[in-house]
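What the coordinates show
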Amino acid sequence: QNNAKVAVLGASGGIGQPLSLLLKNSPLVSRLSLYDIAHTPGVAADLSHIESRASVKGFLGPEQLPECLKGCDVVVIPAGVPRKPGMTRDDLFNTNASIVATLTSACAKHCPEAMICIISNPVNSTIPITSEVFKKHGVYNPKKIFGVTTLDIVRANTFVAELKGLDPARVSVPVIGGHAGKTIIPLISQCTPKVDFPQDQLEKLTGRIQEAGTEVVKAKAGAGSATLSMAYAGARFVFSLVDAMNGKEGVIECAFVKSEETESPYFSTPLLLGKNGIEKNLGIGKISPFEEKMVAEAMSELKASIKKGEEFAKNFK
């Protein structure tokens, strides 16, 4: 059943282009619809020459968006502005909130059954916005709306592997909570294979995972934020989702979703994925006192970001 029809909204951007390349390269994808407000015909023409079976079509500007979305199974949204040095993810709020509200409104109209994967920051607010937009259109299904936090997991796996001399492909660290600063909570205690760090090293490692995005923003010195690693992580999440939609069993990924696992109305935890999106929320599981403290400390920021998103969506015309 490797016939997924996937749309990328924001396909010409720093994340959108490498993400589209990875999706085009996958045997799971049969149709790739690329949307942006500039350059999409060129990106689509370029990708269409690659010797893999996905057909590629570019769509340009709001009037072509409905056609781009028709019949899509999965929509990935990396659209928006990137972070510059000195900016927090929340600084992107006003610009990206409007972009996400506009694009998800089109999704609610033209592919209400599709899986919606949001990459645009601040994810802690853009997921509540997406939910509220879908509610407004009367097509809300919390099992199909995902905030892609996979890059936090990818980074955690990489950094743990580096410190322990392990193969990163064999390391798996769940990362729960949200997708900004101290709301990013790596559960090193649940890492497979099991690893141990002295407390000072654990704190340093945790801080590095939480601030890894800023590490890239600084290193790029004004030329953008994490694009290549984000494209990789976004593609990894989409492939897991499509595998699960195709009936593969035991597919688990963390994502920021509507949740009843904590007092926060949205929260990232490991999710069992299935044909209809979230099959089962696997929850937080057993965590260390250090991790419990981080969960408690993340709550006020998480709730504030969620509320900010919901308020924005209520007033969005």
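Cut-offs used in this document
- Residues numbered from 1 in each chain as written.
- Predicted model: local features only at pLDDT ≥ 70, side-chain atom pairs only at ≥ 80, totals over all residues.
- Heavy atoms only, no water.
- UniProt positions renumbered as here; feature names shortened; annotations may be inferred.
- Disulfide = S-S within 2.5 Å.
- Buried < 20%, exposed > 50% of the residue type's maximum accessible area, 1.4 Å probe, protein only.
- Helix = DSSP H or I, 4+ residues; strand = E, 2+ residues; numbered from the N terminus.
- Expected span 1.5 Å × (residues − 1).
- Arc of directions from axis to C-beta.
- 1 Å grid on protein atoms, 1.4 Å probe; cavity = no way out; pocket = protein on both sides within 12 Å on 5 of 7 lines; lining within 4 Å.
- Contact = heavy atoms within 4.5 Å.
- Phe/Tyr/Trp six-rings, centres within 6.5 Å; stacked < 30°, edge-to-face > 60°.
- Lys NZ or Arg CZ within 6 Å of the ring centre and 35° of its normal.
- Domains from an automatic or database assignment.
- Buried area = accessible area lost by both parts, 1.4 Å probe.
- Salt bridge = Lys/Arg side-chain N within 4 Å of Asp/Glu carboxyl O.
- Pairing = 2+ DSSP bridges.

An unreviewed UniProt entry lists the chain under the name Malate dehydrogenase, with Thinocorus orbignyianus given as the organism. Taken directly from UniProt, the Subunit (unreviewed entry) text for the chain runs: "Homodimer." As its UniProt record puts it under Sequence similarities (unreviewed entry), the chain is described as follows: "Belongs to the LDH/MDH superfamily. MDH type 1 family."

A look at the state of the cysteines
Applying the stated criterion across every chain, the model contains 0 disulfides. In this model C72 remains outside any disulfide bridge; the closest cysteine sulfur is found in C111, 5.7 Å from its own. Of the residues examined, C72 reaches a relative accessible area of 7% and is grouped as buried.

Structural notes on helix 7 (residues 199–210)
Between its first and last C-alpha atoms helix 7 spans 16 Å; for 12 residues at 1.5 Å apiece the expected length is 16 Å, and the two agree. Listed as buried for helix 7 are L202, L205, T206, I209 and Q210. The arc that holds the buried residues of helix 7, viewed along the axis, is 135°, so those residues lie on one side. More than 90 degrees from the buried face of helix 7, the exposed residues found are D200 and K204.

Points about the UniProt feature "binding site: substrate" (unreviewed entry) in the chain
Per the UniProt record, "binding site: substrate" (unreviewed entry) is found at R83, R89, N121 and R155. Within this annotated set, the largest pocket is lined by R83, R89, N121 and R155. Note on placement: R89 falls in the loop between strand 4 (74–77) and helix 4 (93–110). Take R89: its relative accessible area is 10%, and that puts it in the buried class. Apart from the residues within four sequence positions on either side, R89 is in contact with R83, N121, P122, R155, H179, A180, G181 and G213. On the secondary structure map, N121 appears in the loop between strand 5 (115–118) and helix 5 (123–136). Overall, the relative accessible area of 17% leaves N121 in the buried class.

Observations concerning the packing of aromatic side chains
Tallying each qualifying case throughout the model produces 4 aromatic pairs. Note that K164 overlies the ring of F197, its terminal NZ or CZ placed 4.4 Å from the centroid.

Brief notes about the domain arrangement of the chain
In terms of domain boundaries, the chain breaks down into domain 1 (4–148) and domain 2 (150–305). One C-alpha centre belongs to domain 1, the other to domain 2; they are set 21 Å apart. Facing the 35 residues of domain 1 at the interface are 43 residues of domain 2. In total, about 3,200 Å² of surface goes out of reach between domain 1 and domain 2, with carbon and sulfur atoms giving 70% of it.

Remarks on the pattern of salt bridges
This model, assessed by the stated rule, comprises 11 salt bridges. Where E297 meets K293, a salt bridge forms, and the shortest distance between an N and an O atom there is 3.4 Å. Here E297 and its partner K293 are both found in helix 10 (residues 289–315), 4 residues apart, which amounts to about one turn of the helix. Judged by its relative accessible area of 42%, E297 is partly exposed. By sharing partners, the salt bridges in this structure join E162, R208 and E215 into a single network.

Things to note about unusual backbone geometry
Of note, the bond from N121 into P122 is cis; its omega dihedral lies within 30 degrees of zero at -5°. Within the fold, P122 resides in the loop between strand 5 and helix 5. The peptide bond linking T192 to P193 adopts the cis configuration, its omega dihedral lying at -5°. If you trace the backbone, P193 turns up in the loop between strand 8 (184–186) and helix 7. Even without being glycine, H39 reaches a positive phi, approximately 70°. With respect to the helices and strands, the residue H39 is situated in the loop between strand 2 (29–36) and helix 2 (40–48). Here the phi dihedral of A221 falls at roughly 45°; this positive angle occurs in a residue that is not glycine. As for its placement among the helices and strands, A221 is situated in the loop between helix 8 (212–219) and helix 9 (228–245). Of the residues examined, A221 reaches a relative accessible area of 60% and is grouped as exposed.

Quick notes on the pairing of strand 9 (residues 252–258)
Where a strand is regular, its side chains alternate between the two sheet faces. Of all 7 residues in strand 9, 5 are buried, a share of seventy percent or more. As paired elements, strand 9 and strand 10 (residues 266–274) share 7 bridges and run antiparallel to each other. Directly across from A255, in strand 10, lies its bridge partner T269.

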